[in-house]
2 protein chains.
Amino acid sequence: MTSTPVSDIVVGAPSLAPLLGLVEKDMERVNATIIERMQNDVPLIPQLVGHLVAAGGKRMRPMMSIAGAMMATATPDERGPAILLATAVEFIHSATLLHDDVIDESNLRRGRDTANALWGNDAAVLVGDFLFARAFELMVEADNISVLGRLAAASAKITEGEVRQMTITGNPDTPVDDYLDVIAGKTAVLFAAAAGAGVEVSGGSPDKVAAMYDYGLQLGMAFQIMDDALDYSADAAAMGKNAGDDFADQKITLPTIIAWQDGDDDERAFWQRTLGEARFAKDDLATAQAMLAKHDAIDRSILRANGFAEAACAAVAPFADDPATADLAAALCDAARFAAMRTS
Amino acid sequence: MTSTPVSDIVVGAPSLAPLLGLVEKDMERVNATIIERMQNDVPLIPQLVGHLVAAGGKRMRPMMSIAGAMMATATPDERGPAILLATAVEFIHSATLLHDDVIDESNLRRGRDTANALWGNDAAVLVGDFLFARAFELMVEADNISVLGRLAAASAKITEGEVRQMTITGNPDTPVDDYLDVIAGKTAVLFAAAAGAGVEVSGGSPDKVAAMYDYGLQLGMAFQIMDDALDYSADAAAMGKNAGDDFADQKITLPTIIAWQDGDDDERAFWQRTLGEARFAKDDLATAQAMLAKHDAIDRSILRANGFAEAACAAVAPFADDPATADLAAALCDAARFAAMRTS
């Protein structure tokens, strides 16, 4: 098979709209399944999950499973198992959000109070556990043990990534590769497993499973790098979170690693005092932002995200020639490029 | 089938020894699998899990899966899948212990510092999540989707039970039935699912699956009631935990419910101030213990545990006639009665 040059897949300004258009009907089924499966006799569970679900988010991860089913050219009727997996993937993601907010002691997510701020850490930990268990019940219903194995392995990798992140927290001299390992685990692996599982549960060929897994992995890397880069540049209103949260949490992200690597002794002393030792003074966030700007660290991070987005495009390029998958391949590439744009 | 009268299954003082003798070799395989599967490239994970695992505990839950496989008359060679499930069950249990300690803010478990006290809540939450994911990986390896469904459902029930417990916390007028619902969810369901899954994964008959599920459920109820009753009577050294922890945590357990129900206005005012409003004074624990003694609340709780132990015996009584399962049925009954003894 000759593959279409990546640059030919889409033209014009990157947009999420084509992919949203393709998956729209299935995403309505996913949303209905989310609402249905978050119900429980214990009222606190649907209350707390409802708060998180109502806050929305892009639902990128379940979209990966749906796109996977479409890549397998499953008809709408055949996409039932992928809908279940998509719901499971969103529940796994929601569980990690609940636990992350407890760990980060965050009070704001997507512009709303976090669940732990409203209901307490105890409830957030337990309802996270509930969602995780419920996700596995949904996967069991999808009735494919190989796919279940993929998603169980991805779940373990997510927590490994989170633990790795914890161990690099406060170490401003973390190498870039360690950071990439962390975000691969905590973010990209779930995108990848969601996409690959969507293909596999829908009977797609092994090469499509592998391609969509790779697509999800590259997209997930781009997505997380952008999230980390924009933490320093956006205001809380636009991002729906507290700007500078990562700085206050001593999180080591690509912009700070770049600024550390290119910084002089005074700059490194600043990063060591703040990210390293959490001895923060009043104007430190502004100083950090100025240092990042001096080294062009945000734009250089975005450039790296662009590279992952192009790799995502390359992963699906082989399917741009087949009329059955051409529109989807183009929409997926477009979505990846959009994810690596400053406005996303 | 005529069943042996329950009282005839075992004679003499109840003991865990016969069951321990039967499962000993398999439990060595379970312990080896636990050690093998808790390994990870991220050093903090095996360190933290190792601390928890080294602290020991009776390993009652994995023992249920092994007993289930034996009830199915699986040969040692055929018990591989049950060994995997037993390990998974212990990992699920360990995950809930880690999260419970975070929720209860406990500093001591089984006579040792808790993981959250040593490594922080962040690590305890995340490593709990890791163990939960790893448990599902082990279940996938056992390669039986029906059994996986049972254990996924049990996992959801555990967290429901924990959330229910949270919602009754601080309400001294909780009805006994609500308490029984809580402990069924947070404890007994995992004993039940572990035992039933051990039978099913080993190809045992549906009546044996149902019987062992019931046995596990009844034993789990007895086990948790005893744990709650002894929290007020044992000293920290003997129990390996802080005596009066439940009292300080405003946990509503069978002894306090009995004392509330039979208490006069002054006593209820005491329980309301302490368990209800957490306004504790210096000698409150001693006062609580005196009130429990006045109403015989510990012994009446133990009597209730005895009832569940006898129901556990009744569940396995039908298999006491078959030479292939007679020793096991007797040992299981003996173990249940032992669990409901004050000395356990």
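Our subject in this report is the structure included herewith. Predicted model only: the values in this text are computed from it and were never measured. (Residues numbered from 1 in each chain as written. Chains lettered and ligands numbered in written order. Predicted model: local features only at pLDDT ≥ 70, side-chain atom pairs only at ≥ 80, totals over all residues. Heavy atoms only, no water.)

**Quick look at the overall build of chain A**
Counting its regular elements, chain A contains 17 helices and two strands. For a compact globule of 344 residues, the expected C-alpha radius of gyration is about 20 Å, and chain A comes in at 20 Å, within 12% of that figure. Across its three principal directions, the C-alpha atoms of chain A cover 60 × 55 × 30 Å. Counting across all 344 residues of chain A, residues that qualify as buried make up 60%. Contacts in chain A between residues far apart in sequence, at least 24 positions, make up 77% of those at least 6 positions apart. As displayed, chain A has an accessible area near 12,700 Å², and 51% of this comes from carbon and sulfur atoms. Placing the 27 positive and 50 negative side-chain charges of chain A at their respective mean positions leaves the two points 1 Å apart. (Helix = DSSP H or I, 4+ residues; strand = E, 2+ residues; numbered from the N terminus. Rg over C-alpha atoms; globule rule 2.2 N^0.38 Å. Buried < 20%, exposed > 50% of the residue type's maximum accessible area, 1.4 Å probe, protein only. Contact = heavy atoms within 4.5 Å. Areas by Shrake-Rupley, 256 points an atom, 1.4 Å probe, with all protein chains shown as cover. Lys, Arg positive; Asp, Glu negative; His and termini not counted. Charge placed at Lys NZ, Arg CZ, Asp CG, Glu CD.)

**Details of the pattern of salt bridges**
Residues and elements named next belong to chain A. All told, the structure shown has 28 salt bridges over all chains when counted by the stated rule. Residue Arg29 is joined to Asp26 by a salt bridge in which the shortest nitrogen-to-oxygen separation is 3.6 Å. Of the two residues, Arg29 and Asp26 both sit in helix H2 (residues 17-37), three residues apart, roughly one turn of that helix. Arg29 sits in the partly exposed class, given a relative accessible area of 34%. Through salt bridges with shared partners, a single ionic network connects Asp26, Arg29 and Arg79. (Salt bridge = Lys/Arg side-chain N within 4 Å of Asp/Glu carboxyl O.)

**Here's the deal with the nonpolar core**
Residues Tyr215 and Trp271 of chain A together with Tyr215 and Trp271 of chain B are the most contacted members of the largest nonpolar core, which totals 245 residues. Apart from residues no more than four positions distant in its own chain, Tyr215 of chain B is found in contact with Met64, Ala312, Ala315, Val316, Leu332, Cys333, Ala335 and Ala336 of chain B. (Core = buried A, V, L, I, M, F, W, Y, C linked by side-chain atoms within 4.5 Å.)

**Details of the relation of the copies chain B and chain A**
Least-squares fitting of chain B to chain A yields an RMSD of 0.0 Å, with the superposition described by an axial translation of 0.0 Å and a rotation of 180 degrees. Expressed as a symmetry operation, the mapping of one chain copy onto the other fits a two-fold axis. The C-alpha atom lying nearest the rotation axis in chain B is that of Ile145 of chain B; the distance is 3.3 Å. A shared interface surface links the copies, since 100% of the contact residues of chain B are contact residues in chain A too. (Least-squares fit on C-alpha atoms with pLDDT ≥ 70 in both.)

**Side note on the packing of aromatic side chains**
Each aromatic ring pair is described using two quantities: the centre-to-centre distance and the angle formed by the ring planes. All names here are of chain B. Taken as a whole, this structure holds 16 aromatic pairs over all chains when the rule is applied. Look at Phe191 and Phe223: their rings are 5.2 Å apart centre to centre, the planes differ by 50 degrees, and that puts the pair in the tilted class. Residue Phe191 is found in helix H9 (residues 176-201), and its partner Phe223 is found in helix H10 (residues 206-230); the two are separated by 32 residues along the sequence. Assessed through its relative accessible area of 0%, Phe191 is described here as buried. For Phe223, a relative accessible area of 18% puts it in the buried group. Taken together, a centroid distance of 5.2 Å and an interplanar angle of 65 degrees make the contact between Phe247 and Phe280 edge-to-face. (Phe/Tyr/Trp six-rings, centres within 6.5 Å; stacked < 30°, edge-to-face > 60°.)

**Observations concerning the packing of helix H13 (residues 254-262) of chain B against helix H14 (residues 265-276) of chain B**
Residues and elements named next belong to chain B. Following both chains from N to C, one finds H13 and H14 inclined at 140 degrees, their axes separated by 8 Å at the closest point. Put simply, H13 runs oblique to H14. Like other packed secondary-structure pairs, H13 and H14 cross with a definite hand, here left-handed. Contacts between H13 and H14 pair Thr256, Ala259, Trp260 and Gln261 from the former with Glu267, Arg268, Trp271, Gln272 and Leu275 from the latter. A per-class count over the contact of H13 with H14 returns four nonpolar, three polar and two charged. (Axes fitted to C-alpha atoms, helices over the stretch in contact; angles between N-to-C directions. Parallel < 35°, antiparallel > 145°, perpendicular 65-115°, else oblique. Left-handed = near helix turned anticlockwise from the far one by under 90°. Nonpolar A, V, L, I, M, F, W, Y, C, P; charged D, E, K, R; others polar.)

**Observations regarding the packing of helix H5 (residues 80-104) of chain B against helix H7 (residues 121-142) of chain B**
All names here are of chain B. Where H5 contacts H7, the two axes come as close as 8 Å, and the packing angle between them is 165 degrees. Classed by the angle they form, the pair H5 and H7 counts as roughly antiparallel. Where H5 crosses over H7, the handedness of that crossing is left-handed. Split by residue class, the contact of H5 with H7 holds 18 nonpolar, five polar and three charged.

**Observations concerning the interface of chain B and chain A**
Residue-level contacts link 36 residues of chain B with 36 residues of chain A. For the interface between chain B and chain A, the tally reads zero salt bridges. For the interface between chain B and chain A, the tally reads four residue pairs in polar contact (both at pLDDT 80 or more). Per-element accounting of the side of chain B that touches chain A gives the leading share, 14 residues, to helix H8 (residues 145-168) of chain B. (Polar contact = N/O pair within 3.5 Å; in protein donor to acceptor, adjacent residues only side chain to side chain.)

**A word on unusual backbone geometry**
All names here are of chain A. The backbone of Arg59 shows a phi angle near 55 degrees, a positive value even though the residue is not glycine. Mapped onto the fold, Arg59 is located in the loop between helix H3 (44-54) and helix H4 (60-71). Phi is positive for Asp296, which is not a glycine, with a value near 60 degrees. Mapping Asp296 onto the fold places it in the loop between helix H15 (284-294) and helix H16 (297-316). In this structure Asp296 comes out as partly exposed when scored by relative accessible area, which is 41%.

**So, the state of the cysteines**
All names here are of chain A. For the coordinates displayed, the defined rule picks out two disulfides over all chains. Between the sulfur atoms of Cys313 and its disulfide partner Cys333 the distance amounts to 2.0 Å. As the torsion about the S-S bond is roughly 95 degrees, the Cys313-Cys333 disulfide counts as right-handed. Of the two residues, Cys313 sits in helix H16 while Cys333 sits in helix H17 (residues 326-339), which places them 20 residues apart along the sequence. (Disulfide = S-S within 2.5 Å.)

**A look at the environment of Ala229 of chain B**
If you trace the backbone, Ala229 of chain B turns up in helix H10. Sequence-distant contacts of Ala229 of chain B, defined by excluding residues within four places in its chain, comprise Pro255, Ile298, Ser301 and Ile302 of chain B.

**Description of helix H3 (residues 44-54) of chain B**
Residue and element names in this part refer to chain B. H3 sits mainly inside the fold: nine of its eleven residues count as buried. Along H3, the positions that sit buried rather than exposed are Leu44, Ile45, Pro46, Leu48, Val49, Gly50, His51, Leu52 and Val53. Positive phi shows up at Gly56, right after H3, with a value of about 80 degrees.

**Here's the deal with the environment of Ser15 of chain A**
Residue and element names in this part refer to chain A. With respect to the helices, strands and loops of the structure, Ser15 is situated in the loop between helix H1 (6-9) and H2. The class of Ser15 is partly exposed, set by a relative accessible area of 22%. Here the alpha-carbon distance between Ser15 and Cys333, two residues 318 residues apart in the chain, equals 9.4 Å. Setting aside its immediate chain neighbours within four residues, Ser15 contacts Asp334, Ala335 and Phe338.

**Section: helix H14 (residues 265-276) of chain A**
Residue and element names in this part refer to chain A. For H14, spanning twelve residues, the distance from its first C-alpha to its last is only 14 Å, which falls clearly below the expected 16 Å at 1.5 Å a residue. Taken residue by residue, H14 has Glu267, Phe270, Trp271, Thr274 and Leu275 as its buried positions. Buried positions in H14, seen along its axis, are confined to an arc of 95 degrees and lie on one side of it. Turned more than 90 degrees off the buried face of H14, the exposed positions are Asp265 and Asp266. Tucked inside the fold, the buried residues of H14 contact helix H12 (245-248), helix H13 (254-262) and H15. N-cap assignment for H14: the residue whose side-chain oxygen lies 3.1 Å from the backbone N of Asp266 is Asp264. Positive phi shows up at Ala278, right after H14, with a value of about 60 degrees. (Expected span 1.5 Å × (residues − 1). Arc of directions from axis to C-beta.)

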